[in-house]
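Structural characterization, general
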Amino acid sequence: MNAFEFLAAGGVVAAIAVLAYILSGSPKVGSAALAAALSAGFGAFTAITIAQDGVVPVWTNHTQNFWGVQVWWDLLFAVGIAAFFIAPRARAAEMNLRPWLIFVAATASIGLLAMVARLFWLERRTTP
């Protein structure tokens, strides 16, 4: 396996771990620190990727063939669905949704993780 395959496999392992955690009866309020760390880590990885390859390959990767478009749509659907489900809790926690959703639209998972970190922090602060 090459380095890219190891990175891809690591993502699968992480996703399985998250799904297992959710199935195990996770707490109602997640970890703000973990969400913030994931956002920062993925943001750093993205910055390295942009420094190495630039931003044009993002568009190129998603417009080369049907699989590229399918992955692009999957990302957009996943981010949209997550934002849809997070928005009511964010409103209840009195978060200003407009700047957060702009951040999510610009950065996808990086912004979504940061938004969730803030939401979890606000919810824990008000939870007895």
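Structure shown above.
Our subject in this report is the structure included herewith. Computed from a predicted model, the values in this text were never measured in an experiment.

Two elements in contact, helix α5 (residues 97-107) and helix α6 (residues 109-126), have axes separated by 6 Å at closest approach and are oriented at 150°. Across from Leu 97, Trp 100, Leu 101, Phe 103, Val 104 and Thr 107 in α5, the residues of α6 making contact are Ser 109, Ile 110, Gly 111, Leu 112, Ala 114, Met 115 and Arg 118. Here the contact of α5 with α6 is built from residues that sort into 9 nonpolar, 3 polar and 1 charged.

The next point concerns unusual backbone geometry. Negative phi is the rule for most residues except glycine; trans is the rule for most peptide bonds. In this structure, Glu 94 takes a positive phi of about 65° despite not being glycine. Within the secondary structure layout, Glu 94 lies in the loop between α4 (66-92) and α5. Using a relative accessible area of 72% as the deciding quantity, one classes Glu 94 as exposed.

Quick look at the side chain of Glu 123 now. Within the secondary structure layout, Glu 123 lies in helix α6. The residues contacting Glu 123, other than those within four sequence positions of it, are Val 29 and Arg 89.

Below, the discussion takes up the packing of helix α2 (residues 32-53) against α6. Between α2 and α6, the least distance of the axes is 8 Å, while the angle of their chain directions is 160°. Between α2 and α6, the crossing angle belongs to the class labelled roughly antiparallel. Crossing of α2 against α6: the hand is left-handed. Touching Ala 32, Ala 35, Ala 36, Leu 38, Ser 39, Phe 42, Gly 43 and Thr 46 of α2 are Ser 109, Ile 110, Leu 113, Ala 114, Val 116, Ala 117, Phe 120 and Trp 121, all from α6. Considered class by class, the residues forming the contact of α2 with α6 number 12 nonpolar, 4 polar and no charged.

With that settled, consider the packing of aromatic side chains. Across all of its chains, the model carries 3 aromatic pairs by this definition. For the ring pair Phe 42 and Phe 45, a centre distance of 6.5 Å and an interplane angle of 20° mean the geometry is stacked. A residue pair is termed a helical-turn pair when its members lie 3 or 4 positions apart in one helix, as Phe 42 and Phe 45 do in helix α2 at 3 residues. Since its relative accessible area comes to 37%, Phe 42 is described here as partly exposed.

Thresholds, definitions, all that
Residues numbered from 1 in each chain as written. Predicted model: local features only at pLDDT ≥ 70, side-chain atom pairs only at ≥ 80, totals over all residues. Heavy atoms only, no water. Axes fitted to C-alpha atoms, helices over the stretch in contact; angles between N-to-C directions. Helix = DSSP H or I, 4+ residues; strand = E, 2+ residues; numbered from the N terminus. Contact = heavy atoms within 4.5 Å. Nonpolar A, V, L, I, M, F, W, Y, C, P; charged D, E, K, R; others polar. Buried < 20%, exposed > 50% of the residue type's maximum accessible area, 1.4 Å probe, protein only. Parallel < 35°, antiparallel > 145°, perpendicular 65-115°, else oblique. Left-handed = near helix turned anticlockwise from the far one by under 90°. Phe/Tyr/Trp six-rings, centres within 6.5 Å; stacked < 30°, edge-to-face > 60°.

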